[in-house]
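# Report on the structure
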Amino acid sequence: MRRLTWMVLLWAWLVPSMAATVVHESVIHRREIAIASKLRCTVCQAESLAVSQAGLARDMRKLIRQKLRAGETPAQIRAYFVKRYGDYILLKPPFDPLGAILWIWPFALAAAFGGVAIAVMRRRAHAPMPPSAPELGPEDQARIEALTRQE
Amino acid sequence: MVSGVSLNLIELGHFAAYLAFFVAITQALAPLAARVFKAPGLRTVSVNAAALLFLLTTVGALTIVYSLLTNNFSVLYVASNSNTHLPIFYKIAALWGGHRGSLYLWVWIMTGYAAAVAYHGRSRYPDRLPVIMAVEGALIAGFYGLILFLSDPFTRLFPIPAQGQNMNPLLQDPGMVIHPPMLYMGYVGFSIPFSFAMAALLTNWKSELWIGHTRRWALFAWGFLTAGIIFGAWWSYYVLGWGGYWGWDPVENASFMPWLMGTALIHSISVQERRRMLHTWNIFLIITTFALSLLGTFLVRSGVLASVHAFSAAPGQGIYLLTFMVVVLTLAFGLFLVKGGYQQAEESFISPFSRESMFIWNNVIFTVACASVLLGTLYPLFLQAATGARISVGPPYFDLVMVPIFLIMLVVMAIGPLVSWRKANVLKLRGRLVAPTLVGVAFAALVVVVWGPVYWTAPVAVGLVAFVATSIFANLARAVAQRRKQHKEGLAQAFMATVLGNRRHYGGMIVHMGILVIVIGLTGSGLFASSKLVMMAPGDILQVAHERVRFDGTRNVRGPDYTAVQGRLTILNNGAQLRPEQRVFFGSPMQVERPSVNSTPLRDVYVDIGDKHDGKWEIHLFVNPLVNFIWTGGGIVIGGLAFSLSDYVRRRKHAVATSGAVASHS
């Protein structure tokens, strides 16, 4: 009995997910844009596939669309393009020996600069207060009053 | 067709430019000669030369403009960038429409700045002025060398063609007419603080004595650079037709890097003025900002980058610019290392809870931001040169890295102005942070509730914007209340007196508000935009977001120097008409899509028309929310900056008006 319950539950879970392989066109379009905006248009000047008006970009978007309709996942599609064009097509460089420095650099730099700033502030937290501006003498006061009266 | 004197007037300009080159060299060498020959009189030569240099360069520029206006195709530059069909407006703008002319504009602006400093400094810092002018003269001579020997806009063409080629169609837009001069005013403006810093290092001039002067030049340049970047984004949005305004394109980055360092600089100078710290750091920032301006020029003009904004350049220019940049920067940083120590201030107390420490964090964040953009822009170039491997660093990378950095920046922006100089009262500060924090959290929660699962940056950005805005207004309200209590004034009077009395501070706060408005625009258009690309037959209706658009068909239209297929679309929600075009310019094989935009404060409907297949047209429709906030915010930033700088004018007038009274008292 218990086993049957599990079977029913499993079915209840699986059937809708199988049906969902037929994905709605608007979802396909959203995914297409999401994938295309992360891939470079290889014949353009620093443009992604999503924004390029070049013929090649149009064909590649179509290819993405077809693959999505055929049920491929975004990861599979990306892998397909990387296999054909190399890492060059990825607008977000991967974390591999060549691209790692791009991801480490901002954090390393923030740590280094932040560290220096904290060190300087800690060192100077015990430095003497700077002399404050000299007090105004009676002559200065008189001058200020004269000026304000004129206004 | 022109003839006789007016045909050859360009030679006068050419002669003036050569003369200017030698004047610039004289300007650079005069103080040195004065020293070597022990003839102090020679020093003033470099100051007077600055005025002459500007005059000669202006003559050169005017002859180019005259040649453009009179269709003098015997000038190669005119023949390759202008033709008889081009509207007058664009004929003038053609001065910076091509590589050679725009480089000339660059130098023209530079000589203008130098002349302005010469005028400004003649009574304020006459003893150092010759050295400042010498540095400026050396830089100008360097650029003149490039112009005259490698990209001469005065070159003649024979036989004279009957018609010129067209100006790059993409540049035929009002946004593009304004964008380059603004940008150059910014880039070149940072050469003035640079010249001050070099002169100071060379002559042991304590930076306290000159940093105030450079602050105004730096602010001025920063304002133009900001405006230039915004106009560039505007042009990209309204002309390029990809539905976006900023693509982390290498050339955009090239203008953004000096902006980041310039922003650090204008904040850091305030610390030096108020607290006499960071003297050496400020000089470093000044040099770095100008270095990045030079780097930007090199990247854009050497041909190493492929970009929609870049110029196609002749060989040799890249080498020249690289050499020039390396020489200038080696000398500058070398001088800084050798003599920068002289500028070192006494170490004084810094509390972690003080305005100055907040400024230091501002500097840390902007420097990290700039260095990240720098690596992202240059690393692919280095990698390809060194190993041949090609990688791309594009918008997904920069968005991921830069957005968090900017969000942290907003936090500092909110807290900074609340913290007092020297040492803040922590309890008081805590009290002042309560209301802004609550408002910020409330707004962030609101975003989550209304829009549900959006990318995490949306609620965080909106929350931080609300946080900063509340803290600015609360601060203002406290100052006004204080004044009302002290001076027994009415609300309006106290408000005016407070804001007008401290223009520098409140100008800065207006700039901050402008930045917040821009952040709202970036968040809205970056995260909530939607688009569709479909084939449409006349009568078809397309819906994107809540906007329903009907395609009514096309017709052929004619512009002054192009023919176009014009799409006719109607937005059914408000009845507005959209007229995107696909233009074919005379003498250009390129088809140019010109989008059409219907803007309301809250959203843009943006449409492109593409090719025709089987009686259907390719229509690309975007609905971009809040894009207008970006342009409005840019306007607020510039307005705030002008308000802040107006303090200087007011003080000067005041000083003139009251100097008599002071003299009579003392």
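A brief look at the structure comes next. It should be emphasised that the depicted structure is a prediction, and the values quoted were computed from it without experimental measurement. (Residues numbered from 1 in each chain as written. Chains lettered and ligands numbered in written order. Predicted model: local features only at pLDDT ≥ 70, side-chain atom pairs only at ≥ 80, totals over all residues. Heavy atoms only, no water.)

Moving on to the sheet that holds strand S1 (residues 530-536) of chain B. Residues and elements named next belong to chain B. Strand order in the open sheet made by the four strands is S1-S10-S9-S8, with antiparallel pairing throughout. Two strands close off the open sheet at either side, each with one partner strand: S1 and strand S8 (596-599). Strand-to-strand, the axes of this sheet are offset by a mean angle of 15°, without reference to chain direction. The sheet contact formed by strand S9 (residues 603-613) and strand S10 (residues 616-625) spans nine bridges and is antiparallel. Following the sheet pairing, isoleucine 609 is matched in S10 by isoleucine 619. (Pairing = 2+ DSSP bridges. Helix = DSSP H or I, 4+ residues; strand = E, 2+ residues; numbered from the N terminus. Axes fitted to C-alpha atoms, helices over the stretch in contact; angles between N-to-C directions.)

Attention now moves to helix H12 (residues 317-339) of chain B. Residue and element names in this part refer to chain B. Over its 23 residues, H12 runs 32 Å from end to end, which matches the ideal 33 Å to within 8%, given 1.5 Å per residue. Among all positions in H12, only Gln317, Gly318, Leu321, Phe324, Met325, Val328, Leu329, Ala332, Leu335 and Phe336 are buried. Elements that come into contact with the buried residues of H12 comprise helix H5 (99-124), helix H6 (129-150), helix H8 (191-203) and helix H11 (279-301). (Expected span 1.5 Å × (residues − 1). Buried < 20%, exposed > 50% of the residue type's maximum accessible area, 1.4 Å probe, protein only. Contact = heavy atoms within 4.5 Å.)

In this section: a nonpolar patch on the surface. All names here are of chain B. Together, Leu29, Leu32, Val36, Phe37, Leu42 and Val45 give the surface a local cluster of nonpolar side chains, amounting to about 560 Å² of exposed area. No other element matches the three residues that helix H1 (residues 4-36) contributes to the nonpolar patch. Relative accessible area serves as the criterion here: at 61%, phenylalanine 37 is assigned to the exposed category. (Patch = residues over 30% accessible without salt bridge, like charges linked within 9 Å, V, L, I, M, F, W, Y side chains within 5 Å. Areas by Shrake-Rupley, 256 points an atom, 1.4 Å probe, with all protein chains shown as cover. Salt bridge = Lys/Arg side-chain N within 4 Å of Asp/Glu carboxyl O.)

Further remarks concern helix H13 (residues 355-387) of chain B. Since the α-helix turns once every 3.6 residues, residues separated by three or four places project in the same direction. Residue and element names in this part refer to chain B. The terminal C-alpha atoms of H13, which comprises 33 residues, lie 46 Å apart, in line with the 48 Å expected from a rise of 1.5 Å per residue. In terms of burial, H13 is largely enclosed, as 25 of its 33 residues are buried. A positive backbone phi angle near 85° is found at glycine 388, which sits one or two residues after H13.

On to the packing of aromatic side chains, then. Applying the stated criterion to the full structure yields 46 aromatic pairs over all chains. With 6.1 Å between their ring centres and 50° between their planes, B:Tyr125 and B:Trp205 make a pair best called tilted. With B:Tyr125 in the loop between H5 and H6 and B:Trp205 in the loop between H8 and helix H9 (211-239), this residue pair connects regions lying 80 residues apart in the sequence. Residue B:Tyr125 is classed as buried on the basis of its relative accessible area of 3%. An aromatic cluster of at least three residues, connected via ring pairs, comprises A:Trp103, B:Trp222, B:Trp246, B:Trp248, B:Phe256, B:Trp259, B:Phe366, B:Tyr397, B:Phe398 and B:Phe406. Taking the ring centre of A:Tyr80 as reference, the NZ or CZ of A:Lys67 above it sits at 3.8 Å. In this structure, B:Arg122 is placed above the aromatic ring of B:Tyr119, and the distance from its NZ or CZ to the ring centre is 4.0 Å. (Phe/Tyr/Trp six-rings, centres within 6.5 Å; stacked < 30°, edge-to-face > 60°. Lys NZ or Arg CZ within 6 Å of the ring centre and 35° of its normal.)

One side chain can pair with another of opposite charge once the charged atoms of both are near each other. Enumeration over the complete set of coordinates arrives at 14 salt bridges over all chains. The partner of B:Glu11 in a salt bridge is B:Arg156, and the shortest N-O contact between them spans 2.7 Å. Of this pair, B:Glu11 sits in helix H1 while B:Arg156 sits in the loop between H6 and helix H7 (174-189), and the two are 145 residues apart along the sequence. Taking relative accessible area as the criterion, B:Arg156 reaches 28% and is therefore assigned partly exposed. We note a salt bridge from B:Arg483 to B:Glu489, for which the minimum N-O separation is 2.9 Å. Among the ionic contacts, a cluster of salt bridges with common partners joins A:Arg58, B:Asp611 and B:Glu618.

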